[in-house]
Amino acid sequence: MRFSLDWLKDHLETGASLAEITATLTALGLEVEKVEEPNLKDLVVGEIQAVEPHPNADRLRICSVEAGAGLVAVVCGAPNVRVGLKSIFAAPGSMIPADGHILKASVIRGVESQGMLCSARELALGDDHDGIIELDGDSKPGMAAAQALLGRAGPIIEIALTPNRPDCTGVRGIARDLAAAGLGELKPLAVSQARPGFACPVAVRLELDDRRACPEFQIRLIRGVKNGPSPAWLQERLLAAGLRPISALVDVTNYLTIDQARPLHVFDAAKIAGDLTVRASLDGETLAALDGHEYRLAAGMTVIADENGILSLGGVIGGQSSCCELTTTDVILECASFDPTRTATTGRLLHLETSARYRFERGVDPASVGQGMDAATAMMIDLCGGEASKPYRAGSAPDWRREIAWRPGKVAALGGIDLPATRCRSILESLGCEIASRDLDSSNNQSDQEPIWRVTPPSWRGDIAGEADLVEEILRVHGFDAIPAVAMNHDGRLPGPAGDPAYGRLGRVARALAVRGLMETVNWSFMDCDHAQLFGGGGEDLRLLNPISQNLDQLRPTPLASLIAAASRNLARGQVDFGLFEIGPAFTGGQPGQQHKMVSGLRVGDAVTRHWSGPARPVNAFDVKADVLAVLKALGVTIDTLKTQAPGPDWFHPGQSGCLCWGPRNILAQFGVVHPLVAKAFDLAGSPAAFEIFIDAVPIAKKKPSRPALHVSAYQPVMRDFAFLVDEATPAADVVVAARKGGKNLVDRVEIFDIYTDQGVPKGKKSVALSVRLQPRKGTLTDAMIDDVAASIEAAVADATGGTLRRV
């Protein structure tokens, strides 16, 4: 929201400085983003005395400019250059306000130019650069630009608005807030009523199934107008707001949109066939809009149409077929209310951002239709002449009044500051609220209760809906800085910290992976559809309707896809051996509940770089399996109870991947070498290895995992080797788990050192060789004890897998 300081003072009687105004705006929640103060000290008024064509350029002309020190030649390409025009002249050595550039004399297509005539953009007065700025007749050649532009070149303030403040999309709403904060007095809004005229010859029909789409629609015919350029003051204000002046008729509607947050529209009456109809669009209908684009409409959009078709899109944009031109003599002025949700949906579907949509989707004052109609009528007749008809009204204003039962003591209870009731009343009334009070219900016998206020918020504050909203308004205007800092009362009544146990786990995961040398990344949750299909995604339910770019049009099925894309970019820039990880969302569908959090990691290049002590070794599946085990251990998972299954999902190498399971079906993680076809699709060289951990599937430990105390036994450990014959399909991990369970608490470590399927092993069988370490705690093991443990291990493996001890 942009506006000039002099525009604000049209509504606010104040002697406050610019610094005080901007500081108060931010304190009120209307955050000031930028203040533009053009530096015009080196610039003067110049009057064009003669215009000649440029001998070497068709679009350039040579102007003889009088700027108080004699005629100078200026080469200019502005389309509005003409004899007698007064504009702002910058001589060589002057500073151009827009960019701070120091102007120098130059030769343009063989003709020397002794300065330049400036546009509004070059003067930092707006965005218009289609022509040089035009001054009124009171300006004299040589007059200082600051004096000639007095009231027009003042500071421009730009504020950031939150969506709940539709009233402050108009300058008057901003002035009202400042007045409530004590920075001045809000001036009365002077609206001259148009003299009652003839009956409006055009009628309006509301043909909508849902009246909320357009509760009220008013029009009136103004005939005999003379359209033309707006006066300079109006053009400058529109430029300050970032809008381009078009013509007086159109500029009036744009001015009131910014001035009073009241969008309007004007039609050329000669281009209207019959009466107007407000209806829902049909699927496939089109509108050639004022921005030069043709839009295909979806079913259910609110449109205004005549007998020939659609004229405009309600609350969003007008149509080219009924636009006003300089030759327009009769106009139909429209002022209406449109549903915020439908307006926002329409603009989103058509990718249309307009000043009208910006206000209607936030909620325009529902009681301002008649007032806006009168203000625009009076302004148009004042600038363009003409005679106005009586307004034709279809529908009625919605019932916006609502009463909130409220106690002044809520300010202290919710806001932490005790304000007198008189102060609370003063603030609420200054914001437009109506206040009445009543005693407590007679059935309540507690006479010491404070009275209840009946507060009715104004029509322009649809965001005030409850007690807390009223407290917020009082605190905002009184000043958040005025709330005292109070020490917390540590008397044992305060509740303990509230936190999600699952949230703290993410920090432990990140630390565990960082310790292992992986770097954390944060990537978009979007990716290319073709790449998503490589990871089991790519469905229509995951396609984005409004992607930020063409190659980010799909919700990703796994963060691993983003890591592989990031690794590819790093490899292309010379990075060789590195590891990445991300903790982020993955999507299985487009509905609630179809998003889950994952931890993904990727290692690229060599795990061991080349060295004189030995050759290099590329990363493999066991490197990333170790990463997974480190994370699960940090989360309190008992690693010994996990089982490994092979292979992993399709995007992993089928012979070099696996899954870690907790129980028969609960997959906690999957790991392995990335499938060669996936690596090729991302231009990823080598054989990178990756892992994925389903963090939501990992059970939450009852207490925070901690490192167990170190117990070092003084007794000698004993090593025993076993070779078991099991079915070829039996996972070797099952043999390891069974051997550990059968060890009678003496087994300290079980490791596989060989799997053999060649000569001497029956067909369909395999030999799994284990190295078992027995660590006594209470005394030295005897041969009988060792044999007893060995027998227990054999029995446990036989029960769990059907394996038998292989005799060699």
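About the criteria used
Counting of residues starts from 1 at the beginning of each chain's written sequence and follows it residue by residue. With the structure being a predicted model, the display of local features is reserved for residues of pLDDT at least 70 and the display and counting of side-chain atom pairs for 80 or more, all residues being used for whole-chain, interface and lining totals. Neither water nor hydrogens contribute to the side-chain values; these are computed over all heavy atoms in the structure. Think of it in three bands: with a 1.4 Å probe and only protein chains considered, a residue is buried below 20% of the maximum accessible area for its type, exposed above 50%, and partly exposed in between. We count a stretch as a helix when DSSP gives it H or I for four or more residues in a row; a strand needs E for two or more, and each element gets its number in order from the N terminus. In this description, contact between two residues means that some pair of their heavy atoms is separated by no more than 4.5 Å. Definition of a polar contact: a pair of N or O atoms within 3.5 Å, with one able to donate and the other able to accept a hydrogen when the atoms are protein atoms, and with sequence-neighbouring residues admitted only if both atoms are side-chain atoms. DSSP calls a pair of strands paired once it identifies at least 2 bridges connecting them.

1. Some details on helix α5 (residues 232-240)
Here's step 1: The complete set of buried residues in α5 reads Leu-234, Glu-236, Arg-237, Leu-238, Leu-239 and Ala-240.
Here's step 2: On its buried face, α5 is in contact with β1 (2-4), α1 (5-8), β11 (156-160), α6 (248-260) and α9 (369-384).
Here's step 3: Gly-242 lies just past α5 and shows a positive phi near 90°.

2. What about the side chain of Glu-285?
Here's step 1: Along the chain, Glu-285 turns up in the loop between β16 (276-280) and β17 (286-288).
Here's step 2: Separated by 2.7 Å, the side chain of Glu-285 and the backbone nitrogen of Leu-282 make a polar contact.
Here's step 3: When sequence neighbours within four positions are dropped, the list of residues in contact with Glu-285 reads Arg-279, Tyr-295, Arg-296, Leu-297 and Ile-310.

3. Considering the sheet that holds strand β37 (residues 667-674)
Here's step 1: An order of β28-β31-β32-β38-β37-β36-β35 is seen for the seven strands of this open sheet, with the pairing classed as mixed. Lying at the two open borders of the sheet, with one neighbouring strand each, are β28 (519-520) and β35 (643-645).
Here's step 2: Of the pairings in the sheet, the one linking β37 to strand β38 (residues 689-693) comprises five bridges and is antiparallel in character. Considered in β38, the bridge of Phe-671 is made with Phe-691.

4. Considerations on the sheet that holds strand β6 (residues 71-76)
Strand pairing in a sheet relies on backbone hydrogen bonds, with the paired strands running either antiparallel or parallel.
Here's step 1: Strand order in the open sheet formed by five strands is β6-β5-β4-β7-β10, and the pairing between neighbours is antiparallel. Only two strands of the sheet have a single neighbouring strand rather than two, namely β6 and β10 (116-117).

5. Quick notes on unusual backbone geometry
Here's step 1: For the peptide bond that leads from Ala-646 to Pro-647, omega is -5°, which places it in the cis range.
Here's step 2: Position of Pro-647 among the secondary structure elements: in the loop between β35 and β36 (652-661).
Here's step 3: Within the chain, His-351 stands out as a residue other than glycine whose phi angle is a positive 55°.
Here's step 4: Tracing the backbone shows His-351 in the loop between α7 (340-350) and α8 (355-360).
Here's step 5: Phi at Asp-683 takes a positive value of approximately 55°, unusual for a residue other than glycine.
Here's step 6: As for its position among the elements, Asp-683 is in the loop between α17 (676-681) and β38.

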